[in-house]
Amino acid sequence: MSEEPMLPGEWPEPVVTADMIIERNIKEALIQETYFHQSLSDRKPDETDEARKLRLVQANMHCFSFLLDAVIVDVLIEVQGYNRLWADTMAAAIDSRLEWGEHYPEMLWQWANERGLDPDQIIEKAKADFAERDTK
């Protein structure tokens, strides 16, 4: 059985396994957790209010990244306990979907509608809550 020659610019899809994604995300979660704690404790004696706000925004970003990576690891390990092949399939899907940032605003709208949720109402409430928060 002969293989078809690859044309210039064509590459096979990379092999992605749950173990690969788990290892990658464990490392990243540990890094982000460290950055989160460092951001919280890295207060300078002469820190301005603006510098403090920026430091805390950065801490929040690190916290979110830590949680995302840790949840991915947790879920993939649980799926591996049921079915390693399915975990590999899900890992490849996660890896691919993390590249699709522009895909999700539209999909959230669709998913909300499919579940009988009103995305306009949710967004308007979030805007009102945000505006109210800024007045406190």
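Residues numbered from 1 in each chain as written. Predicted model: local features only at pLDDT ≥ 70, side-chain atom pairs only at ≥ 80, totals over all residues. Heavy atoms only, no water.

Some points on the packing of aromatic side chains
Link 1 in the chain: In this structure the tally under the stated criterion is one aromatic pair.
Link 2 in the chain: On the basis of an interplanar angle of 50° and a centroid distance of 6.0 Å, the ring pair of Tyr104 and Trp111 is categorised as tilted. (Phe/Tyr/Trp six-rings, centres within 6.5 Å; stacked < 30°, edge-to-face > 60°.)

Here's the deal with the nonpolar core
Soluble globular proteins: nonpolar side chains tend toward being buried together.
Link 1 in the chain: Counting residues in each nonpolar core, the largest one holds 10 residues, listed as Val16, Ala18, Ile21, Ile22, Ile72, Val73, Leu76, Val79, Ala87 and Ala91.
Link 2 in the chain: Secondary-structure elements contributing two or more residues to this core are helix H1 (18-41), helix H2 (49-82) and helix H3 (84-97).
Link 3 in the chain: Among the elements that line this core, the one with the most residues is H2, at four residues.
Link 4 in the chain: Setting aside anything within four residues of it in sequence, one finds Val16 in contact with Ile21, Asp88, Ala91, Ala92 and Asp95. (Core = buried A, V, L, I, M, F, W, Y, C linked by side-chain atoms within 4.5 Å. Buried < 20%, exposed > 50% of the residue type's maximum accessible area, 1.4 Å probe, protein only. Helix = DSSP H or I, 4+ residues; strand = E, 2+ residues; numbered from the N terminus. Contact = heavy atoms within 4.5 Å.)

Section: a nonpolar patch on the surface
Link 1 in the chain: Taken together, the side chains of Phe64, Leu68 and Leu98 define a hydrophobic patch exposed on the protein surface, amounting to about 310 Å² of accessible area.
Link 2 in the chain: Here Leu98 lies in the loop between H3 and helix H4 (103-114).
Link 3 in the chain: Judged by its relative accessible area of 47%, Leu98 is partly exposed. (Patch = residues over 30% accessible without salt bridge, like charges linked within 9 Å, V, L, I, M, F, W, Y side chains within 5 Å. Areas by Shrake-Rupley, 256 points an atom, 1.4 Å probe, with all protein chains shown as cover. Salt bridge = Lys/Arg side-chain N within 4 Å of Asp/Glu carboxyl O.)

Thoughts on the environment of Ala92
Link 1 in the chain: Take Ala92: it is sitting in helix H3.
Link 2 in the chain: Sequence separation between Ala92 and Val15 is 77 residues; the distance between their C-alpha atoms is 8.0 Å.

Here's the deal with helix H5 (residues 119-135)
Link 1 in the chain: When the terminal C-alpha atoms of H5 are compared, their 25 Å separation across 17 residues agrees well with the 24 Å that a helix rising 1.5 Å per residue should span.
Link 2 in the chain: Two to three positions downstream of the cap, the backbone nitrogen of Asp120 sits 3.0 Å from a side-chain oxygen, assigning the N-cap of H5 to Asp118. (Expected span 1.5 Å × (residues − 1). Polar contact = N/O pair within 3.5 Å; in protein donor to acceptor, adjacent residues only side chain to side chain.)

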